[in-house]
Amino acid sequence: SQASGLSIVQVLAEEGDYVSKGQVLCILDSSILQAQLKGMEARMVGSRASALKAVQPNRQEDIAGLSAAYQQALADVQQRQAMVTQMEASLVNARSNARRYKDLLREGAVSQQESDNHSTEEVTAFTNLQGAKEQFSAAKFFAEQSHNKLEMAQRGGRREDIIVSEASADETAASVQQLRAQIEQTIIRAPDEGLVTKRYAHIGDVASTGKALFEMIRKGQLELRAQVTQSDLSRLRPGITAALSDSVRSVQGTIFQISPTVDSATRLGTVRIAIPSNSGFRPGMFVQGSVQVGQADALL
């Protein structure tokens, strides 16, 4: 087991079963990890949504509203500009009238009151023009603000905000992958096809990384590990056929590996002989073998 401290909840293989590669042998309790995964997946959805919002924080309807506000501000600017033009014309007319009535007053053609009234109209027209210019400036400033807001909405969020949001989303996604990997580790699978020879796993046991749960023979292939004297070891080589017998049955095996070293105490070396899968032999049996290394004619 790659996971430690989790109890075994299912055992799906028994001794003597021939299993395929990747077949589930037993399952550990992953309920806590599953709950953590659900919470982290929900957090990942929120992080991705935040990242998308950072890229484009404004919805299309918000952008449409800002665009309408900008168009309205432009229309207001044009209206204020027209008022300024109108006020300038009114001021020119008021000044002309005031000047003409002053000349008439000096000639005695009009009264002082009439001349003063036209002078007052000139002052009023000047004041109205100044007010119209201020309103025009304010309308231009508001239009510029509306334009800036619209550009910001269309351009999206700031780059640093986008980077932070995307990094947070990537971090959450990595945590989700880690939890999924830990959950996958709670499923004990056969590393290769073969024969299960021992089952140590029992429901309720707590698994640890240093504790074996099953023993199996890869692809069901048995081998004989024969002890051979050093004098005979040099006469053997891989590929030579060996006759094997347990006193009940006899089969033919093949040498596939010879130990490169010899035990210094016993002067014996190990020869590994592959045994056919249909031999009927079982792991742990005592088997004798003989190897024909040659023949010669001799006098008897």
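This brings us to the overall build of the protein. From N to C terminus, the protein includes five helices and 12 strands. Against the compact-globule benchmark of 19 Å for 300 residues, the protein has a radius of gyration of 49 Å, which places it well outside the compact range. Principal-axis analysis of the C-alpha atoms places the extent of the protein at approximately 175 × 45 × 35 Å. Each of the 300 residues in the protein was classed as buried or not, and the buried ones make up 26%. When contacts within the protein are restricted to residue pairs at least 6 apart in sequence, those whose partners lie at least 24 apart make up 72%. Here the protein displays about 20000 Å² of accessible surface, and carbon together with sulfur accounts for 50% of that area. One way to put it: in the protein the 32 positive side-chain charges average out to a point 5 Å from where the 33 negative ones average out.

Okay, the side chain of Ser115 next. Note that Ser115 resides in helix α3 (residues 112-155). Contact partners of Ser115, with chain neighbours within four places excluded, come to Tyr101, Lys102 and Leu105.

One non-glycine residue, Lys219, lies in the positive phi region at around 55°. For Lys219, the position within the fold is in the loop between β7 (214-218) and β8 (222-229). You can call Lys219 partly exposed: its relative accessible area is 37%. Phi is positive for Arg267, close to 60°, though the residue is something other than glycine. The residue Arg267 is located in the loop between β10 (250-258) and β11 (268-275) in this model. On the basis of relative accessible area, Arg267 is assigned to the partly exposed category, the value being 47%.

As a volume, the largest pocket reaches approximately 310 Å³. When residues of the lining of the largest pocket are traced back to their parent elements, those giving at least two are β8, β11 and β12 (288-290). Among the elements that take part in the lining of the largest pocket, β8 stands out by supplying four residues, more than any other. In terms of residue class, the lining of the largest pocket is made up of 13 nonpolar, four polar and two charged.

As a further point, take the environment of Asp62. Note on placement: Asp62 falls in helix α2 (residues 60-107). When the C-alpha atoms of Asp62 and Val164 are compared, they prove to be 24 Å apart, with 102 residues separating the residues in sequence.

Per-residue confidence for the protein gives a mean pLDDT of 87, with 94% of residues at or over 70. For the protein, per-element mean pLDDT is lowest for α3, which scores 84, and highest for strand β3 (residues 24-28), which scores 95.

Glancing now at the side chain of Asp192. Summarising the element assignment, Asp192 is placed in the loop between β4 (187-189) and β5 (194-199). A polar side-chain atom of Asp192 sits 3.4 Å from a polar atom in the side chain of Arg218. Leaving out residues up to four positions away in the same chain, Asp192 has contacts with Val19, Ser20, Lys21, Met216, Arg218 and Lys219.

Reading guide: rules and limits
Residues numbered from 1 in each chain as written. Predicted model: local features only at pLDDT ≥ 70, side-chain atom pairs only at ≥ 80, totals over all residues. Heavy atoms only, no water. Helix = DSSP H or I, 4+ residues; strand = E, 2+ residues; numbered from the N terminus. Rg over C-alpha atoms; globule rule 2.2 N^0.38 Å. Buried < 20%, exposed > 50% of the residue type's maximum accessible area, 1.4 Å probe, protein only. Contact = heavy atoms within 4.5 Å. Areas by Shrake-Rupley, 256 points an atom, 1.4 Å probe, with all protein chains shown as cover. Lys, Arg positive; Asp, Glu negative; His and termini not counted. Charge placed at Lys NZ, Arg CZ, Asp CG, Glu CD. 1 Å grid on protein atoms, 1.4 Å probe; cavity = no way out; pocket = protein on both sides within 12 Å on 5 of 7 lines; lining within 4 Å. Points joined across faces, edges and corners; volume = space filled by probe spheres on them. Nonpolar A, V, L, I, M, F, W, Y, C, P; charged D, E, K, R; others polar. pLDDT = per-residue confidence, 0-100. Polar contact = N/O pair within 3.5 Å; in protein donor to acceptor, adjacent residues only side chain to side chain.

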